[in-house]
Amino acid sequence: MTRIDVAPESQFGPDNLPYGVFAPENGPYRVGVRLGDAVIDLAVALDDPVFAAPSLNPFLAAGPRRWREVRERVRLLAEAEIPDAAVHSLAEVELKLPVQVGDYVDFYASIDHATNLGRLFRPDSEPLLPNWRHLPVGYHGRAGTVVVSGTDIVRPRGQRRTDSGTPDFGPSKRLDIEAELGFVVGAGSELGRPIDIENCADHVFGVALVNDWSARDIQAWEYQPLGPFLGKSFATSLSAWITPLAALESARIPLPVQEPAPLPYLRAADPWGLDISLTVHWDGAEVSHPPYSRMYWSPAQMLAHLTANGASTRTGDLYASGTISGPEPGQRGSLIELSWGGSEPIPVNGQKRTFLEDGDEIVLTASAPGPGLGRIGLGEVRGRIRPAHD
């Protein structure tokens, strides 16, 4: 039997317990929970075959009552001795995408990010378009290109507008990041039945860090009139660990005031956001600290709007916040904002940089308040840029 010792300063103590899918050496993928620098094999520790699956989907489909039951059992395990066969060193396991993503939706929920891009793209107009304060703007992404943290990102190719106004075709020259928070649907909903804004926690299992890579030059040429396409669909990186929504109770904060007041289907009795702090690391240098606490539209509002027309949701569906930015230059969650469209280079390890070059590595990390004075870690999202295919 083994007792897992967790360092006092660890952000992965018994108040966190994020879920992932791992493979021990020469073993099959299965579901585990992180505790400190160890991974608990739930199929062994709980003697439950649902956790022997190579995906969290079978467990998530069981619904919120089951999620609560298992979380309590794992919290008791974390304070006791665990069978040796159920304990693995985090450094010695291989992690994979924790869920099978059915659908992926990306929102545009940060008022600071939307304002910054409006000023960049429409300097002579109001930065926010007329609909922005009335609904969570979003688009449907490509679930098949959601990849786990640590996966290399191949520079995308596509059409780009030239100085003459006509397009050419080639690798993106303005490759960017988007620091986001993702929400993983556990219990799905029926086609034709919207999810009420008060029922978010009955459907959303947890949160995970997201980097929605963006090819700004490809996107700028193609996005009118139908919106993002090849400039956004080549890769979206997702953390290997999903933090249960239940672990973030201490991080709940009131939502910023929304003016004008949203339509009734977007009004909650107790509108809440999350106090989550992100850090963007570029080749090891910290270049930004985006605050999710500034997010204008809440997770519940995004889900309510996503399904307002009767669209169904399925276990494993992912929806993301869109780029998280704050009002200060050092709080911007994309390079197009940090470099102000490429006109104000960013200092990175003694160099002046604007957009990503081949070989660059971006790492996103985040944490939130936990019970007492502790903090809850959301792991990381890591990706290195590789050259475009010939």
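Scroll up to find the structure this text is about.
These remarks concern the structure in this document. (Residues numbered from 1 in each chain as written. Predicted model: local features only at pLDDT ≥ 70, side-chain atom pairs only at ≥ 80, totals over all residues. Heavy atoms only, no water.)

### Section: the pattern of salt bridges
Side-chain pairing between opposite charges can occur once the charged atoms of the two side chains come close. Overall, the coordinates contain 20 salt bridges when judged by the stated rule. A single salt-bridge network, built from bridges that share partners, covers Asp-176, Glu-178, Asp-212, Arg-216 and Lys-232. (Salt bridge = Lys/Arg side-chain N within 4 Å of Asp/Glu carboxyl O.)

### Description of the nonpolar core
In this structure, Ile-276, Tyr-292 and Tyr-319 are the most contacted members of the largest nonpolar core, which totals 64 residues. With five residues, the top contributor of residues to this core is helix α6 (residues 299-306). For Tyr-319, the contacting residues outside a window of four places in its chain are Val-105, Phe-107, Leu-181, Gly-182, Phe-183, Val-185, Cys-200, Val-204, Pro-299, Met-302, Leu-303 and Leu-306. (Core = buried A, V, L, I, M, F, W, Y, C linked by side-chain atoms within 4.5 Å. Buried < 20%, exposed > 50% of the residue type's maximum accessible area, 1.4 Å probe, protein only. Helix = DSSP H or I, 4+ residues; strand = E, 2+ residues; numbered from the N terminus. Contact = heavy atoms within 4.5 Å.)

### Observations regarding the side chain of Glu-180
Tracing the backbone through its elements, the reader meets Glu-180 in strand β13 (residues 179-185). Buried Glu-180, no salt bridge; nearest opposite-charge side chain is Lys-232, N-O distance 5.0 Å. Of the polar contacts made by the side chain of Glu-180, one reaches the backbone nitrogen of Gly-322; its length is 3.0 Å. In contact with Glu-180, other than residues within four places in its own chain, are Tyr-104, Asp-106, Ala-208, Leu-209, Val-210, Asp-212, Leu-278, Ala-320, Ser-321, Gly-322, Thr-323 and Ile-324. (Lys, Arg positive; Asp, Glu negative; His and termini not counted. Polar contact = N/O pair within 3.5 Å; in protein donor to acceptor, adjacent residues only side chain to side chain.)

### Quick notes on empty space enclosed by the protein
For the structure on display, the rule yields one cavity of 30 Å³ or more. Considered as a void within the structure, the largest cavity measures approximately 40 Å³ in volume. Lining the largest cavity are Pro-254, Leu-255, Pro-256, Gly-273, Leu-274, Tyr-292, Ser-293, Met-295, Trp-297, Ser-298 and Pro-299. Grouping the constituent residues of the lining of the largest cavity by class yields eight nonpolar, three polar and no charged. (1 Å grid on protein atoms, 1.4 Å probe; cavity = no way out; pocket = protein on both sides within 12 Å on 5 of 7 lines; lining within 4 Å. Points joined across faces, edges and corners; volume = space filled by probe spheres on them. Nonpolar A, V, L, I, M, F, W, Y, C, P; charged D, E, K, R; others polar.)

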